[in-house]
Amino acid sequence: MRKILIVGAGQSGLQLALGLQAQGYEVTLMSNRTADEIRYGRVMSTQCMFDTALQHERDLGINFWEPQAPRIEGLGVSVAAPDSSRAIDWVGRLDGYAQSVDQRVKMAGWMDTFAQRGGQLVIHGAAVSDLDYFSRSYDLLLVAAGKGELVSMFERDAARSAFTEPQRALAVSYVHGLGPRPEHPDYDAVRCNLVPGVGELFVMPTLTTSGRADILFWEGIPGGPLDVFRGVNDPAEHLALTLELMERFTPWEYARATKVELTDEGGTLAGRYAPTVRKPVGRLPGGGLVLGVADVVVANDPVTGQGSNSAAKCAASYLTAITEHGDRPFDEEWMRAAFERYWDTAQHVTKWTNAMLGAPPQHVLNLIGAAGQNPAVAHRFANGFNDPSDFESYLYDPDKTAAYLESVAPS
């Protein structure tokens with residue numbers, strides 16, 4: 001039985017651990033927190049997972065919260081005009097529904113399941129020296145913890161990394177009491193509100209520790225009017241600031257948020273990081289090798305909502321690469337090949353996300369505007385969140401955009 005060590009108990013680490021466990025591998029999972037510390041701690045992300053990523057969980061039989069989580073059946077885009085009215089507003093239906101489950105619920109539950117199924121769960125904040133020691137006892141070491149000392153083992157890939165600084169300041173609030181959008185009261189949708197030159201507000205339904213809730217998520221251009229959450233430690237102050245900015249920049253969303261309250265004292269989060277692609281193989285002082293997983297090696301800004309989706313897709317890709325490899329050694333050549341296999345998917349997310357972080361060029365504005373007039377355009381754009389590779393054929397090149405819009409224009 002092959003022995004595998006996974007460091008990090010997030011979406012990718014736990015999904016991969018449970019998948020390998022089901023295939024008969026002897027898996028050790030290291031986490032710096034217990035399940036209860038996660039369950040009763042602070043929110044960690046905004047995770048909206050689309051159909052392909054959700055299917056990876058279904059394939060492993062670990063989609064425990066699918067019946068309870070809200071079904072997100074649409075994705076809408078609004079663009080604010082200079083006077084804070086809506087210049088553009090539309091929603092596209094998703095072919096397969098999306099869902100958001102608070103990672104405090106999911107990761108704690110998955111950790112309990114891993115332990116109940118006989119997995120070895122080690123609660124310890126791993127350092128490089130720990131991995132150096134463990135490398136002698138395991139056939140493969142995977143690092144799925146995207147922060148801290150371990151990430152420094154993975155060299156930045158300058159050719160694949162467009163930025164060296166954070167491109168957005170992030171601020172999240174989980175709330176109860178959000179009213180419905182009057183335009184589409186018959187189904188749930190993620191709402192992407194674009195405020196040119198300022199940032200973005202995302203609103204999405206979720207399942208949290210106290211049941212159904214909604215996430216209010218500001219992404220502010222650094223140094224701009226949304227970049228005001230640094231040093232705000234009081235949850236009530238964080239929410240008040242969130243609502244004040246909504247009233248100023250997205251009054252149509254504020255109108256349904258006047259009665260919201262935080263889900264719990266841990267229901268806020270703020271921070272920033274530089275989007276970075278890293279080389280996948282880390283070297284330990286003793287000569288051992290480790291393979292980076294998900295946002296350890298491909299960390300995109302959350303502006304396109306792909307973080308948990310990418311983590312699920314990376315875990316699924318690595319699971320296949322590991323099981324197909326049989327009893328052969330997990331050497332550097334295999335590690336690089338496993339990553340490149342995942343990069344075939346991840347590169348489309350990185351290209352799209354980086355494009356969305358800049359000021360949108362005119363042809364992209366034309367496309368977003370056309371979606372408000374043509375449901376076919378809205379449908380295709382919305383479903384690109386599930387399969388970002390589709391944007392390659394019509395989003396980045398002005399000629400391709402023009403040809404696509406002409407092809408779907410009413411005759």
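This text gives an overview of the structure that appears in the document. Every chain is numbered on its own, with residues counted from 1 as its sequence reads. Only residues with pLDDT of at least 70 get local features here, since the model is predicted, and only at 80 or more are side-chain atom pairs given and counted; chain-wide, interface and lining totals rely on the full set of residues. The side-chain numbers reported here are obtained from all heavy atoms of the structure, hydrogens and water having been left aside.

1. Description of the sheet that holds strand β1 (residues 3-7)
So, step 1. Here the rule is simple: two strands pair whenever DSSP picks up at least two bridges between them. Helix and strand assignments follow DSSP, with helices taken as H or I runs no shorter than four residues and strands as E runs no shorter than two, numbered in order from the N terminus. Read across the sheet, six strands follow the order β5-β2-β1-β6-β15-β14 without closing on themselves; strand pairing throughout is mixed. On the outer flanks of this sheet lie β5 (120-123) and β14 (281-283), each paired with one strand and no other. Taking the axes of each pair of neighbouring strands and ignoring which way they run, one obtains an average angle of 25° across the sheet.
So, step 2. Note: strand β6 (residues 140-143) against strand β15 (residues 289-292), two bridges, orientation parallel. The partner of Leu142 across the bridge, within β15, is Leu291.
So, step 3. Here, residues are in contact when the closest pair of their heavy atoms is within 4.5 Å. Orientation is described by lines fitted to C-alpha atoms, with helices fitted over the stretch in contact, and by angles between N-to-C directions that extend from 0 to 180 degrees. Against the sheet, helix α8 (residues 307-325) makes contact with β1, β6 and β15, and its axis sits at roughly 175° relative to β6, the strand it touches most.

2. Points about the side chain of Ser308
So, step 1. Among the structural elements, Ser308 can be located in helix α8.
So, step 2. What Ser308 contacts, discounting residues up to four positions off in sequence, is Gln11, Gln47, Cys48, Met49 and Gln103.

3. Some words on the environment of Phe163
So, step 1. Its location among the elements puts Phe163 in the loop between β6 and β7 (169-176).
So, step 2. Along the primary structure Phe163 and Pro275 are separated by 112 residues, whereas in three dimensions their C-alpha atoms are 6.3 Å apart.
So, step 3. Among all residues touching Phe163, those that are not within four sequence positions of it are Arg156, Pro275, Asn354 and Leu357.

4. With respect to the pattern of salt bridges
So, step 1. Throughout this description, the term salt bridge denotes a Lys or Arg side-chain nitrogen within 4 Å of a carboxyl oxygen of Asp or Glu. Throughout the structure, instances matching the rule amount to 23 salt bridges.
So, step 2. Salt-bridge contacts for Asp112 lead to Arg39; the nearest nitrogen and oxygen are separated by 2.8 Å. With Asp112 in helix α4 (residues 103-116) and Arg39 in helix α2 (residues 35-39), this residue pair connects regions lying 73 residues apart in the sequence.
So, step 3. Given the relative accessible area of 29%, Asp112 is considered partly exposed.
So, step 4. Throughout this description, buried means an accessible area under 20% of the type-specific maximum (1.4 Å probe, protein chains only), exposed means over 50%, and partly exposed covers the range between. The exposure class of Arg39 is partly exposed, given its relative accessible area of 22%.
So, step 5. One salt bridge in this structure joins Lys351 and Glu392, with 2.7 Å as the shortest N-O distance. In this pair, Lys351 is assigned in helix α9 (residues 332-357) and Glu392 in the loop between α11 (375-383) and α12 (398-408), connecting sequence segments 41 residues apart.

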